[in-house]
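Structural description and commentary
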Amino acid sequence: MNEKLKGFIEEAGWPRVIIGLFLLSLFVAAPFVQVRVDASISDTLVRFGMNGILVLAMVPMIQSGCGLNFGLPLGIIAGLLGAVTSIQLAFTGMLGFLTALAIAIPLAALFGTAYGLLLNRVKGDEMMIATYVGFSSVAFMCMMWLLLPYTSPTMIWGYGGSGLRTTISVEGYWLHILSDFLSVQVGEYFYIPTGMFIFFGFMCFLMWAFLHTKTGTAMTAVGSNPEFARASGIDVNRMRVVSVVLSTVLASIGIIVYQQSFGFVQLYMGPFYMAFPAVAAILLGGASVHKASMVNVVIGTFLFQGILTMTPSVINSLLQTDMSEVIRIVVSNGMILYALTRKVQVKR
Amino acid sequence: METTPLLRMEHIGKEYFGNRVLADVSFTLEKGQILGLVGENGAGKSTLMNILFGMPVIGQTGGFEGKVLLDGKEVVFADPLDALDAGIGYVHQEFSLIPGFSATENILLNRESTKYNFLVEVFGDRLETLDRPHMRERAEKAITTLGVDLDPEMIVTEMPVGHRQFTEIAREIDRENMKLLVLDEPTAVLAESEAQVLLQGMKKLAAQGISMIFISHRLQEIMDVCDKILVLRDGRVIQEAKTHETSVRQIAGWMVGRKMEEAAEARPADRIFGEPLLKVEHLWVDMPGETVRDVSFDVRQGEIFGIGGLAGQGKLGIGNGIMGLFPAGGKVFLGEAPIYLNDPRFSLSAGMAFVSEDRRGVGLLLEEPIEWNIVFTAMQTQDAYIRSLLGGLVKWRDDKAIAAASKEYIDALEIKCTSGRQRAVELSGGNQQKVCLAKAFAVKPKLLFVAEPTRGIDVGAKRLVLDTLRRTNREFGTTIVMTSSELEELRSICDRIAIVDEGRISGILPPTAPVEEFGLLMLGTTGNGNGENEADRMVYHNE
C-alpha cells in the first residue's frame, strides 16, 4: 500500500499531489461555508472546458523547443477577428460559429508564420520576445478595433456610431453553441457542457495524432536536440515555424470556444493577460519547457481552473466580505509565479 | 647535483570516475631549468598541470595520489590562488586578458602601485589612487625581462595575437616571488618569428633562475629551449630524457608508439577493393577549432579509410563537412554523383551516414527513448517505419515496426538497456555509442563516416565498437571512413591512414608503416604535398 502510494506520488509529482489535495479540501470545506458543491463542480467543469484549448495551444511550441508560447494573444487576436467578422456577417447558430473559425484559422496561420519567422531569428530568447509580440500585438489591435470598418449595431459604440465596443455579447449569435450540445442539466445548479468537452477532446486527439506522424516526430526531435535533427536532415527552422503556426491556430480556435461559453467577445485589453493562465496551467500539469503531453494539459487545466474557481468563493464566504476579485488575482498570479519558478526544476 | 630540486612530483596518479588518466608520474625540475612536457591529446598533460595548481576540478573528483614538493617541502594547494602565492604562474592556452585595458593595466591587474588620497580615510585602501608612472615602470621592466617589443600603453583589442600572449607572460613575470612558470602551448597562436622571440625570452628568464614547464606540440621548439623532456602517454611517463641526447624523430616515436603486436593482429594479407567510391577534391570546411583548408583523397569501395592527426588540426572537419553539418566547399563525389555540400539531407539521401564525435551534442536525442534514436534518421530521410494513412496524406509513425527494428539492433550490438523505451541519457557512454552506430546502420549506408567512435568509453566497449565496424565492413561491404585521435585504433582496423595537419593531409600511410612515420606526419615535421607550410618549417628547422 505504502509502496503504491509512493509510486503514485512519484508518477504524478509532488506539486500536483499537493495542489490536488488542496483543491479537494476546498470542495470538502465548501458546504460548511454555505457554498454549493454542485454549483462549484459545475463552474470548475465549465471553466475547464473554456480554457482547455488555450492550454493545448502551448504543446506544439514546447515540443519544438520554442518554449512556452507567451505570444498567445497573437492567436487570440486572430480568433477575435474571426468572431467579430462572423457577427458582422450576421450568421447565427452553428453557421456563425463555423464562420468564425473559418475566418480565424487562416488569419492565425498567417500571423503564426510571421511570428515563427521572427522567433527563428532570436533562438534562445524565444519566451522574452514572445511576451512582447503578444503585448505589442494587443496594443496595435487596440487602435485597429476602433478603425476597422465594422458596422453591425450590436458591436459598435452607441454614441459615435463607429469603432467596436470593449465587450460584445454573442447572445443571439452563437452563445453556448458547443456547450449546450448534448449537455446535461441536473437540478438547478449542476450543468455539464458535454459538447465543449467533446470538441476539446477532439482537439486533443488531433494534437496527439499529429505528434505520432512523421512531421510530429521530427518536431519533437527538434525540440529535444536541434543539432541531432539537423544531422538527420531535418529543416529545423521550418519545423519551428510549423509549431508556432499550430500553436497560434489553436489559440484562435481556443478563444472562440471560450467566447461561446463565456457569452462575450472581449476586445482591446482582453487578450493582454490570456497567455499567463495558460502557461501556468500547463506547467502545473507537469510539463517542462521541453516536453508536454495531453495528460499535462488536462490535469493542469483542471487543477488551475479548479483552484481559481474555488478559492475566491470559499474564502469569500469565510471572511463574509466581497473581495472575490482581489482573491482571484492573488491566487491566479500566485499560481503563475509558483508554476514559473517550477519550470527550471522540472526540466532536469 | 645535491641541491634540493625546485619542484618534485612523486608518484602522481589520478582517476576520473574509475577511469585512470594518470599513473605513477614522477619527475623533478631544478632551478632555472626548462622542462618540455609532450604527449598526445589526452595523454594526461593537462591533468598533471591541474594537480600542480590545485584546480578545484581535481578535489571535486576525489583528489589525487602522490606528493608535490616545492623547494623540498610538501605542498597541497586548495585552489590556484594558493599556487600563485607559492610562486607558480600559469600561462593559459586561451587568453585571460581584459580587452579594453592597456598592456600595463593587464600586467598589473590587482597588483597595481597605488598612492594615498583622503578618501582612504573614509572608505579604506580600495580607494587609493593608481600610481601610473610607477605602474608603467614595472610593466616596462617585465617586458624588458621577457625581451620583447611591446608597447605598454597599447589596448589589448588593438594588439596582434602575439603581443597578447606576451602580455599574459609579462603578467606572470611581474610577480615578485615567481619561481616556476607553466606555459601551455604558448606558441600555438604565434607566427614563427614571434615564437622565436618568445623562445628567446624564455631562455633569458631561465638564465635568471626561473624554472619553466613548457607544453607544446611543436617538437622543434621543445628541442630548442628545453633542458630535458618528459614524454607522457596514456597517463604514464614513457620517457624522461636530456634534450641533447635525443631527436625529434625519437620523441615522436615515444609519443605515439604503443604495443605493436596488438595492432598487427588479424589483418588479412591482401584485401581487394573496388572502384573509388568517394572522391574528395580540394575540400575546405569551416568548422570552428577543426578547420579543413585543402584536402583531397579517394576512398575505394569496401575499404576502411582512417583519418588521424592531433586535435584541432582539422581531421574532424572532413566528415562533418561532407555530411553538410558545417559550411564547406570543394568537390565531393560519391561514385559518379556529385554531392551538394551544406545540405545534410542530401548527403544522407545519397547513401552516406555519420556517427558524430559529439555524441551527446549531435549524436543522440538524450531525452527520448533508444528506439527513436535508432530509427529517427532512417524514418525522416527514407520514410522507413512509416505507414501511409488516408492515401498518403498522413504519414503515421509505425511504433511496432520501430520497436521490432530497434530490438534487432539492440540484440546485435549488445546494447545494455532495460528496453527500447529507455531514455538514451540513462545509458553508459559505451552503450550510447552503440546506439549512435545503430542509428547509422539503420540508414543502410553505402559509406559510413565514424568520428572518434571510442572516445570516452571503456576498454571492453571499445573492442566491441571496433569489432562491429569491422564486421559491418566485411559482411555488408560498407565502406567506412573513420576519424580518430587514437592512432593505435586506426592502425588496428584501417586499410590506409591519412594524417591531417593544419587543415591539410600531410601524408597517407599503410597501417603497417613504422609508428615514427605517423608521429612525424602529425607534427608536420616532414610530409609531402603542402608546399608553403613545408617551406616555413624548413627555415625554422635550420635556425
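Residues numbered from 1 in each chain as written. Chains lettered and ligands numbered in written order. Predicted model: local features only at pLDDT ≥ 70, side-chain atom pairs only at ≥ 80, totals over all residues.

The next subject is the overall build of chain B. Of regular secondary structure, chain B possesses 21 helices and 24 strands. In terms of overall dimensions, chain B is globule-like: its C-alpha atoms have a radius of gyration of 27 Å, near the 24 Å expected for 543 residues. Overall, the C-alpha framework of chain B stretches about 85 × 60 × 45 Å when taken along its three principal axes. Looking at chain B as a whole, 43% of its 543 residues are labelled buried. Look at the contacts in chain B between residues 6 or more apart in sequence, and 66% of them connect residues 24 or more apart. (Helix = DSSP H or I, 4+ residues; strand = E, 2+ residues; numbered from the N terminus. Rg over C-alpha atoms; globule rule 2.2 N^0.38 Å. Buried ≥ 20, exposed ≤ 12 C-beta atoms within 10 Å, placed from the backbone. Contact = placed C-beta atoms within 7 Å.)

Turning to unusual backbone geometry, a few remarks are in order. For A:Leu182, which is not a glycine, the phi torsion comes out positive at approximately 60°. Topologically, A:Leu182 is positioned in the loop between β1 (167-169) and β2 (184-186). A:Leu182 gets classed as exposed once you count the C-beta atoms within 10 Å, which come to 12. Positioned with a positive phi, B:Glu452 is a non-glycine residue whose angle comes to about 45°. With respect to the helices, strands and loops of the structure, B:Glu452 is situated in the loop between β21 (447-451) and α18 (459-476). B:Glu452 gets classed as buried once you count the C-beta atoms within 10 Å, which come to 21.

Let us look at the sheet that holds strand β2 (residues 19-29) of chain B. Residues and elements named next belong to chain B. With respect to topology, 4 strands assemble into an open sheet ordered β2-β1-β4-β5, the strand pairing being antiparallel. Each edge of the open sheet is held by one strand with a lone partner, namely β2 and β5 (73-74). For strand β1 (residues 7-16) and strand β4 (residues 65-70), the ladder comprises 5 bridges, and the chain directions are antiparallel. Looking across to β4, one finds that Glu10 is bridged to Lys67. (Pairing = 2+ DSSP bridges.)

The next thing to look at is the interface of chain A and chain B. The interface is formed by 17 residues belonging to chain A together with 24 residues belonging to chain B. Contributing elements (two or more residues each) for the side of chain A that touches chain B: α9 (214-224) and α10 (226-231) of chain A. No other element matches α9(A), which puts 5 residues into the side of chain A that touches chain B. Here the residues of the side of chain A that touches chain B are counted per class, giving 5 nonpolar, 8 polar and 4 charged. (Nonpolar A, V, L, I, M, F, W, Y, C, P; charged D, E, K, R; others polar.)

Looking now at the sheet that holds strand β6 (residues 88-91) of chain B. All names here are of chain B. Here 6 strands make up an open sheet; going across it, the order is β6-β9-β10-β3-β11-β12 and the pairing mixed. Each end of this open sheet is capped by a strand with a single partner; those strands are β6 and β12 (236-242). Between one strand axis and the next, the sheet turns through 15° on average, direction left out of account. Alignment of strand β11 (residues 228-233) against β12, held across 6 bridges, turns out to be antiparallel. Looking across to β12, one finds that Leu230 is bridged to Glu240. The strands touched by helix α1 (residues 45-53) within the sheet are β3 (34-38), β6, β9 (180-184), β10 (211-215) and β11, with β6 carrying the most contacts at an inclination of about 145°. (Axes fitted to C-alpha atoms, helices over the stretch in contact; angles between N-to-C directions.)

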